[in-house]
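Here are the chains, one letter per residue:
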Amino acid sequence: MKLLACMLFSLVFFGLLEKPVKKRPVIFYGATVVIAVLSLATGLMIPAKSLPAPLSYILYTILARGTLAGAIFLLVMAASVLPNSKVKQFLMRQRGEMAIIASLFTLIHNIAYGKWYFVKIFTNPALLSPYELAAAILSLMMILLLIPLTITSFQRVRKRIKAPAWKKLQRWSYLFYGLLFIHISLIFSGPIRMGRRGYILDLAIYALLYLIYLVLRIKRFPKQRNLCIGLMAIILLIFAGVCLS
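A word on the pattern of salt bridges
Step number 1: All chains considered together, the criterion is met by 3 salt bridges.
Step number 2: One salt bridge connects Arg-93 with Glu-18, and the closest N-O pair in it is separated by 2.5 Å. Of the two residues, Arg-93 sits in helix α6 (residues 86–123) while Glu-18 sits in helix α2 (residues 18–23), which places them 75 residues apart along the sequence.
Step number 3: Owing to a relative accessible area of 17%, Glu-18 belongs among the buried residues under this scheme.
Step number 4: Between Glu-97 and Lys-22 there is a salt bridge, and its shortest N-O distance comes to 3.2 Å. In this pair, Glu-97 sits in helix α6 while Lys-22 sits in helix α2, placing the two residues 75 residues apart along the sequence.
Step number 5: Given the relative accessible area of 6%, Glu-97 is considered buried.
Step number 6: Residue Lys-22 is classed as partly exposed on the basis of its relative accessible area of 38%.

Some remarks on empty space enclosed by the protein
Step number 1: A complete count under the given rule lists 1 cavity of 30 Å³ or more for this structure.
Step number 2: In terms of lining, the largest cavity is formed by Ala-36, Ser-39, Leu-40, Leu-63, Ala-64, Phe-105, Ile-108, His-109 and Ala-112.
Step number 3: Of all the secondary structure elements, the ones that give two or more residues to the lining of the largest cavity are α3 (25–45) and α6.
Step number 4: A per-element tally of the lining of the largest cavity places α6 first, with 4 residues.

Remarks on the nonpolar core
Step number 1: In terms of nonpolar packing, the biggest core is built from 65 residues, with Ile-72 and Tyr-210 touching the most fellow members.
Step number 2: Apart from residues lying up to four places away in sequence, Tyr-210 is in contact with Leu-74, Met-77, Tyr-177, Leu-180, Phe-181 and Ile-235.
Step number 3: Of all hydrophobic cores here, the second largest spans 5 residues; its members include Phe-118, Ile-121, Leu-128 and Ala-136.

Focus: the side chain of Thr-32
Step number 1: Relative to the assigned elements, Thr-32 resides in helix α3.
Step number 2: If we skip the residues at most four places from it in the chain, Thr-32 touches Ile-101, Leu-104 and Phe-105.

Digging into the layout of surface pockets
Step number 1: Roughly 1,200 Å³ of volume is contained in the largest pocket.
Step number 2: Residue lining of the largest pocket: 50 residues in total, with Arg-65, His-109, Tyr-113, His-183 and Ile-187 positioned closest to the centre.
Step number 3: Counting residues per element, the ones that place at least two in the lining of the largest pocket are α1 (2–16), α3, α4 (53–63), α5 (67–79), α6, α7 (130–151), α10 (172–193) and α11 (198–220).
Step number 4: Sorting elements by how many residues they give to the lining of the largest pocket places α10 first, with 11 residues.
Step number 5: Considered class by class, the residues forming the lining of the largest pocket number 28 nonpolar, 15 polar and 7 charged.
Step number 6: Of the volumes computed, that of the second largest pocket is approximately 760 Å³.
Step number 7: Taken together, 29 residues make up the lining of the second largest pocket; nearest its centre are Arg-95, Trp-166, Gln-170, Ser-173 and Tyr-174.

Regarding the side chain of Ser-139
Step number 1: When you line up the elements, Ser-139 lands in helix α7.
Step number 2: For Ser-139, a relative accessible area of 7% corresponds to the buried category.
Step number 3: Separated by 3.4 Å, the side chains of Ser-139 and His-183 make a polar contact.

A closer look at a positive patch on the surface
Step number 1: On the surface, Arg-158, Lys-167, Lys-168 and Arg-171 cluster together into a patch of positive charge.
Step number 2: Within the fold, Lys-167 resides in helix α9 (residues 163–170).
Step number 3: Classification of Lys-167 as exposed rests on a relative accessible area of 53%.

Thresholds applied
- Residues numbered from 1 in each chain as written.
- Predicted model: local features only at pLDDT ≥ 70, side-chain atom pairs only at ≥ 80, totals over all residues.
- Heavy atoms only, no water.
- Salt bridge = Lys/Arg side-chain N within 4 Å of Asp/Glu carboxyl O.
- Helix = DSSP H or I, 4+ residues; strand = E, 2+ residues; numbered from the N terminus.
- Buried < 20%, exposed > 50% of the residue type's maximum accessible area, 1.4 Å probe, protein only.
- 1 Å grid on protein atoms, 1.4 Å probe; cavity = no way out; pocket = protein on both sides within 12 Å on 5 of 7 lines; lining within 4 Å.
- Points joined across faces, edges and corners; volume = space filled by probe spheres on them.
- Core = buried A, V, L, I, M, F, W, Y, C linked by side-chain atoms within 4.5 Å.
- Contact = heavy atoms within 4.5 Å.
- Nonpolar A, V, L, I, M, F, W, Y, C, P; charged D, E, K, R; others polar.
- Polar contact = N/O pair within 3.5 Å; in protein donor to acceptor, adjacent residues only side chain to side chain.
- Patch = residues over 30% accessible without salt bridge, like charges linked within 9 Å, V, L, I, M, F, W, Y side chains within 5 Å.
- Areas by Shrake-Rupley, 256 points an atom, 1.4 Å probe, with all protein chains shown as cover.
- Lys, Arg positive; Asp, Glu negative; His and termini not counted.
- Charge placed at Lys NZ, Arg CZ, Asp CG, Glu CD.

What follows is the structure, encoded as structure tokens:
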């Protein structure tokens, strides 16, 4: 449910601040970095139990674990396949800025967790479970995708790239979204195997949103029907595999 709450918050936030975000995006990018770095620093210096419950939840569950970033990415992903409406038009206008903000949150999120997991990949991978090792490797792959996608989303950079080349590069974002779902599934698999059933609902929401996206994509791009159906089957298999593991 926290994912849906973050998506609703993001819609309201960008809806109310659409003009300022478009007019002065750098201010919001800077604020994103500051918030992300402060949440990272707080997590390193102050135990979660020492903070007020609401603040601890925002810092450790919403920001540090990437829930807010994931919610924004899902909105960006959905923008192109939504039926024509004011919501779609709004998301299409804002998707560039939203993608950059989500990317900045994600990169800081990777620093928060990568300081241990990434080091172990190269020094002592035996300390990681197979699920943790796979999730960490996927994180590195996603970072390699995210860096060029983010850089080329800035308007000043985008203007210097020919439209066909830019569109071709941005198609790699679909691979990023796919890896994101697999990464989340691997991360959630640990708590699910430990009997924390609330994570099944969280993963089910992610899976449902991806399935809805693929259904909408079939309607918008009928020629991609077989591909989308195949991806839907993979999502269901991953979900079932994680829940039954």
